[in-house]
Amino acid sequence: MSIIFAIGGCSRTSSGGQPADRGWPPAAGAGFSRLVSHRPFRVTAGLAVLGVTAWVNLRALHPGLSGLGSESLVALVAAGVAWLAWMAAPPHGPGGLVALAAMGAAGGVVSSTSPAGLIFVGVAASGAGAVRDLIGAAGVASVGPFAFAGAAFAGGSFPGRLAPACAVCLLGLVSGAGRRQLFEQARQATLIAVADERAQVASREAALAAERNRLGRELHDVLAHTLGALSVQLSALDALAGNGVTPGEFRVQLEQAHKLVDEGLDEAHQAVRALREHTRPLIEELARLCRQHAAAFEVYGTPHPVSAEAHLALYRVAQEALTNAARHAPGVPVTVEATFTSSAVTLTIRNPASKPPARNGTGTGTGRYGLSGMRERVLLAGGHCHAGPTGQGWQVTASIPA
């Protein structure tokens, strides 16, 4: 009989094939509704169950034209009409509950004469349990047993099948409550899945925004650094042109300007590669940078790969320190040391400068180079950076966890 209850509760949809109430997914119920998702099929199944139930009760009643037989026939017709009204009414609206109560009451009267009338009592209890909380559903479901008791008392057969009527009512109520619980679990699972998906989308968007910010910062720094140096070089060319220098000297300065532009483009390419995926190890890039600045380069420990942020931060620290050394102590030897341990990568640049580098970095007043820029980069990579005078000059130290 519990299968019949599940089939009876399977057609709670609107005319468009979607759930009649906002929270009832087409395949979230139990029983037949999980197997058949097409609304016409579900309606056909409900009507078929109703027809079979009515036919079984008619065969059992053999009603006459008066007395208890005619009353049972009227109750059977009322139960069928209530069944149809319940299928057509919104599941959570008052009309659906009234139809269920009427079905249970009529089924209770029919069951006082025919045991098959208990099907109406069970379906009514199951439908109430599927759409209402336990207390409200119990109030609607209890109408059937009370109606049976009244009809049996009036016919002189009390208590009769009162115990089976109560048992069927309880079975239907439990069946409907179980389907309601399954629906709630499915709804909660759906909400959790949607929330997880939204969190993943937000995380991907945040990661994309962070990548764009890093790329923009790197390109901004590269352009500011290169254009600042190029501006100084062009000013020197302008001064040379006004002093009437020889073409050879002018050509040397012009080639130096071209070299600055090429280095700027190369730095931009390196920034993009560093934010995506390294194509060259950190040691190779540091060695190349030291060769450009005629600085000594020493490696301690066993070199190992580092993260993209650590790679770029250490490279920028070395680049800025070497640029400042060339600006404030030209011609003085500079030493760059890279120390690799199992816990960290440490970069040390020693420069016997007579005064500290400018705080604004390039000297142009723009860009993010300089001491604050170095510290910020290393901090974002999870490390720490210190720059300051020593007994023998100026030293910059940056350490980032491995």
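Not measured: the values here are computed from a predicted model. (Residues numbered from 1 in each chain as written. Predicted model: local features only at pLDDT ≥ 70, side-chain atom pairs only at ≥ 80, totals over all residues. Heavy atoms only, no water.)

A. How the structure looks around the sheet that holds strand β2 (residues 335-340). With mixed pairing, the five strands of this open sheet are ordered in space as β1-β2-β3-β5-β4. In this open sheet, the two edge strands, each paired with only one partner strand, are β1 (296-300) and β4 (384-390). Recorded for the sheet is a direction-independent mean angle of 15° between the axes of neighbouring strands. The pairing of strand β3 (residues 344-351) with strand β5 (residues 393-401) spans eight bridges and is antiparallel. Directly across from Arg350, in β5, lies its bridge partner Gln395. Of the strands in this sheet, β1, β2 and β3 are in contact with helix α11 (residues 282-292), which crosses β1 at around 160°. Most of the contacts of helix α13 (residues 371-380) go to β4, to which it runs at about 145°, and overall it touches β4 and β5. (Pairing = 2+ DSSP bridges. Helix = DSSP H or I, 4+ residues; strand = E, 2+ residues; numbered from the N terminus. Axes fitted to C-alpha atoms, helices over the stretch in contact; angles between N-to-C directions. Contact = heavy atoms within 4.5 Å.)

B. Spotlight on helix α8 (residues 143-154). Its 12 residues give α8 an end-to-end C-alpha distance of 16 Å, which sits within 8% of 16 Å, the value for a rise of 1.5 Å per residue. Every buried residue belonging to α8 is among Gly144, Pro145, Ala147, Phe148, Ala149, Ala151 and Ala152, and all of these are buried. At the exit of α8 stands Gly156, carrying a positive phi of roughly 75°. (Expected span 1.5 Å × (residues − 1). Buried < 20%, exposed > 50% of the residue type's maximum accessible area, 1.4 Å probe, protein only.)

C. Geometry of the pairing of β2. As judged from the five bridges shared by β1 and β2, these two strands associate in the parallel manner. Counterpart to Phe297 in the pairing with β2 is Val336. Each parallel crossover has a hand, and for β1 linked through helix α12 (residues 308-328) to β2 it is left-handed. Sheet topology places β2 next to β3; six bridges connect them, and they run antiparallel. Residue pairing for β3: Phe340 is matched across the bridge by Val345. (Right-handed = clockwise from strand over helix to strand, strands pointing away.)

D. Spotlight on the nonpolar core. Formed by 31 residues in total, the largest nonpolar core has its most connected members in Val317, Leu347, Ile349 and Val396. Of all the secondary structure elements, the ones that give two or more residues to this core are α11, α12, β2, β3, α13, β4 and β5. Among the elements that take part in this core, α12 stands out by supplying nine residues, more than any other. Once you skip the residues sitting within four places of it in the chain, Val396 turns out to touch Val317, Ala321, Leu347, Thr348, Ile349, Met374, Cys385, His386 and Ala387. One finds Leu50, Leu76, Ala99 and Ala125 within the second-largest nonpolar core, a separate group that totals 29 residues. (Core = buried A, V, L, I, M, F, W, Y, C linked by side-chain atoms within 4.5 Å.)

E. Representation of the confidence of the model for the protein in the model. Taken over all residues, the pLDDT of the protein has a mean of 76, while the share at 70 or more is 80%. Note on residues 64-68: pLDDT is under 50 here. Beyond four places in sequence and across chains, it has four contacts. (pLDDT = per-residue confidence, 0-100.)

F. Fine view of the pattern of salt bridges. One pass over the structure, following the stated rule, counts three salt bridges. With its nearest N and O atoms 3.0 Å apart, the salt bridge here joins Glu184 to Arg187. Placement of both Glu184 and Arg187 in helix α9 (residues 162-243) is noted, with a separation of three residues, approximately one turn of the helix. A salt bridge links Glu197 to Arg204, with the nearest nitrogen and oxygen atoms 3.8 Å apart. Using a relative accessible area of 41% as the deciding quantity, one classes Glu197 as partly exposed. (Salt bridge = Lys/Arg side-chain N within 4 Å of Asp/Glu carboxyl O.)

G. Local environment of the environment of Trp86. Residue position: Trp86 is located in helix α4 (residues 68-88). The exposure class of Trp86 is buried, given its relative accessible area of 3%. Sequence separation of Trp86 and Ala99 is 13 residues, and the distance between their C-alpha atoms is 5.1 Å.

H. Structural context of the packing of helix α5 (residues 94-111) against α8. Running from amino to carboxyl end, α5 crosses α8 at an angle of 35°, the nearest separation of the two axes being 7 Å. Viewed along their axes, α5 and α8 form a crossing whose handedness is right-handed. Judged by residue contacts, Ala101, Gly104, Ala105, Gly108, Val109 and Ser111 of α5 engage Val143, Gly144, Ala147, Phe148 and Ala151 from α8. In terms of residue class, the contact of α5 with α8 is built from seven nonpolar, four polar and no charged. (Left-handed = near helix turned anticlockwise from the far one by under 90°. Nonpolar A, V, L, I, M, F, W, Y, C, P; charged D, E, K, R; others polar.)

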